[in-house]
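Chains, contacts and geometry: an overview
Here are the chains, one letter per residue:
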Amino acid sequence: MGCGMKAIQNLALFHPLSICRSFRFYREISTAVLISLRLSRRFRHGMKSAPLSIAHLHFSAKNNVKPRDDPPLKLYHSMIEAQNVYEFSIPRQDYSLKQDVAKANCTITRLCEEGRISSARELFEVMPERDVISWTALITGYMKCGLVKEARELFDRVDAQKNVVTYTAMISGYLKAKRIVEAEKLFDEMPDKNVIAWNTMIDGYIRSGKTEQALALFGKMRERNVHSWNTVISGLVNCGRIEEAWGLFDRMPVKNVVSWNIMISGLSRNRRIDEARLLFGKMPERSVVSWNSMITGFIQNGEFDRAMTLFDEMPGKNVVSWTAIISGCVQYGESEEALRTFYNMNRNGRVKPNEGTFACVLGACSDLAGLVEGTQVHQVISKTIYQESEVVISALINMYSKCGEMGMARKVFDYGLRGNRDLVCWNSMISAYSHHGCGREAVMVFEELQRIGFKPNDVTYIGLLSACSHAGLVQEGLNYFEMLMRDKSVKVREEHYTCIVDLYGRAGRLQEALDLVTKLPMRASVNLWCTLLLGCDIHGNDEIGKRVEDVLLDVGSANAGTYALLCNLYAACGKSKEAEMVKMKMKDEGLKKQPGCSWIEAGTRFHVFIAGDKSHREFEAMSWLLLDLHRKMKRIGNKIFDNLLIDVKFF
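Here is a short report on the structure shown in this document. What you are looking at is a predicted structure, and each value in this text was computed from that prediction instead of being measured. Residue numbers run consecutively from 1 along every chain, following the written order of its sequence. Reporting of local features is limited, given that this is a predicted model, to residues whose pLDDT is at least 70; pairs of side-chain atoms are given and counted only at 80 or more, and all residues count toward the totals for whole chains, interfaces and linings. Side-chain numbers here rest on the full set of heavy atoms in the structure, without hydrogens or water.

Some remarks on the environment of I397
Put simply, DSSP H or I for four residues or longer makes a helix, DSSP E for two residues or longer makes a strand, and each gets a number counted from the N terminus. Looking at the secondary structure, you find I397 in helix 23 (residues 390-402). Buried residues are those whose accessible area, probed at 1.4 Å on protein chains only, stays under 20% of the maximum for their type, while exposed residues exceed 50% and partly exposed ones sit between those limits. Overall, I397 belongs to the buried group, its relative accessible area being 0%. Placed 31 residues apart in sequence, I397 and S366 show a C-alpha to C-alpha distance of 9.9 Å. Contacts are residue-level and defined by heavy atoms, with any inter-residue pair within 4.5 Å sufficient. Here I397 is in contact with A409, V412, F413, C425, S428, M429 and A432, once residues within four sequence places are set aside.

Now the structure itself:
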């Protein structure tokens, strides 16, 4: 009775509810829990094993009872999965000896999982009797909801019951909230520490970039498990300290599949792909992630053929395996092979594509300008849960715009997410308009973005400035560039300066473009100088073009494309001697410009055209048509096409 009155007094101080209402709530919720517990027991009997919970750990420590055949550590097969290993979950099983307390603890757990933390606190305060699991469950619930202050106040109460699990839950919450100093202090105050507490603190140091502190703490551990070693090795790998990581890996008393995967991934990221392959061959057992890590490593290191070979040998492929190889095909320009691989994946039937798979396949359709294939993929997407994914919607916008279907791209943008667009989708739409020279439309999308309340990032400004450049919106582009310079939250990149140089170059304001390039806060790249050279080529300014040529030749960065621009520039200005000299330099250095290639679908046939190739049966008719178009362009004063015939003649 004394415990009950004490709970009532605590309730009166905590929440302005009547005593009768509080106990009625407790009785009603307990009845519901009793039914759910019976159902959950039936469900659990059908399970092979259940994961360890906080409550299970409490019971085992207090009663010196060894849990039934539950594994002491769940083996995660990637570092992404393993990130949350020691972020404590709310108890799902209760091993309290008193059934009434156990029922209430389960109810608190459920309420916390549902985010009803106030209801959980209300029930906690009216409990006639609490145990350490009750306290830990509610504290963990507060931490899961980000209510660190409330969790600490509960933890510091005079009547609080705490053990090593409660302390570890608090430390985990502090680390998740990036409050590393408070986590350190609490860790030092712990009366007893188990291996989970040590691992939690080490993992927090690794996540915070404090690798030396993690190593120091690891060195003080009297007892280590495989996760202790894996966490430290992963931290060293992420810092590029691969030799130290390998040293620890060799010293490990027991390795699991995660240990091997960490080292394989680390070696691959550090350009040591052959050593990674040797290690892969020595693995006593491999998981699907082991294969995926090796395939991804080959792709990252430019060994796409070896990645394909390993993919073919892989016994059990999952969606990550298929997506990785499709992405590799797109990355290395094998877009047709990417579509064939996607077809084989669907024909296989055992693996369903995810949003990453769809994004990669749509990228392949974009590269091929394959509208038919892209539309078919869109139809498949419309039957899945990914039809409202931001990543997929952005890929669809890009695909339709690259295929020239701006109307469909806009429809996807307007209706694909039903108003829940993210910044990536806005950027995709602005870039699509930019790609097609629709500067006014891009500006309208940007202004709508700002009106809704989105904050543009660096990618937004690149698309916007490029759109202004292509559409000849000189003053608008300069105004937006000034806006970017004033916005201190966005880092100004070289691409932004390149857009403005291109804007000046297309408008014929070459001196201003040259002034901008020479006064940049960083050293101008070859790409910037070539952009300026393109402007000189358009407007026939050989004076500034010669200065750009001297810079490019001085740094030894002239390539076939640069020489081609210079040759066209001199030829357009009537300086045939200089043009011939450029040709000679190009020949002496063994440079040859790759011929341009384009294709068009007419009916059911594809017509491919290569610069300089006259083998097409309609070549003569098309040549006269192009000549007529060129004359019309010159009559309306379009200087961009003035040297078109010179390009054709030279290449």
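A few points about the side chain of D502
With respect to the secondary-structure elements, D502 resides in helix 29 (residues 494-507). The exposure class assigned to D502 is buried, which follows from its relative accessible area of 14%. Excluding residues within four positions of it along the chain, D502 makes contact with S469, H470 and T531.

A word on the nonpolar core
Ranked by size, the top nonpolar core spans 166 residues in total, and within it M263 and L532 carry the most contacts. Looking at which element gives the most residues to this core, the answer is helix 11 (residues 195-207), with eight residues. Here the nonpolar core consists of buried residues drawn from Ala, Val, Leu, Ile, Met, Phe, Trp, Tyr and Cys, with membership extended through side-chain atoms lying within 4.5 Å.

Description of the pattern of salt bridges
Whenever Lys or Arg places a side-chain nitrogen within 4 Å of a carboxyl oxygen from Asp or Glu, that contact is recorded as a salt bridge. Summed over the entire model, instances satisfying the criterion amount to 26 salt bridges. One salt bridge connects D159 with R157, and the closest N-O pair in it is separated by 3.1 Å. Judged by relative accessible area, which is 23%, D159 ranks as partly exposed. Where R506 meets D502, a salt bridge forms, and the shortest distance between an N and an O atom there is 2.9 Å. Remark: D502 and R506 occur in helix 29; sequence separation between them is four residues, near one turn of the helix. Note on R506: relative accessible area 32%, which makes it partly exposed.

The analysis is restricted to geometry; functional conclusions fall outside its scope.
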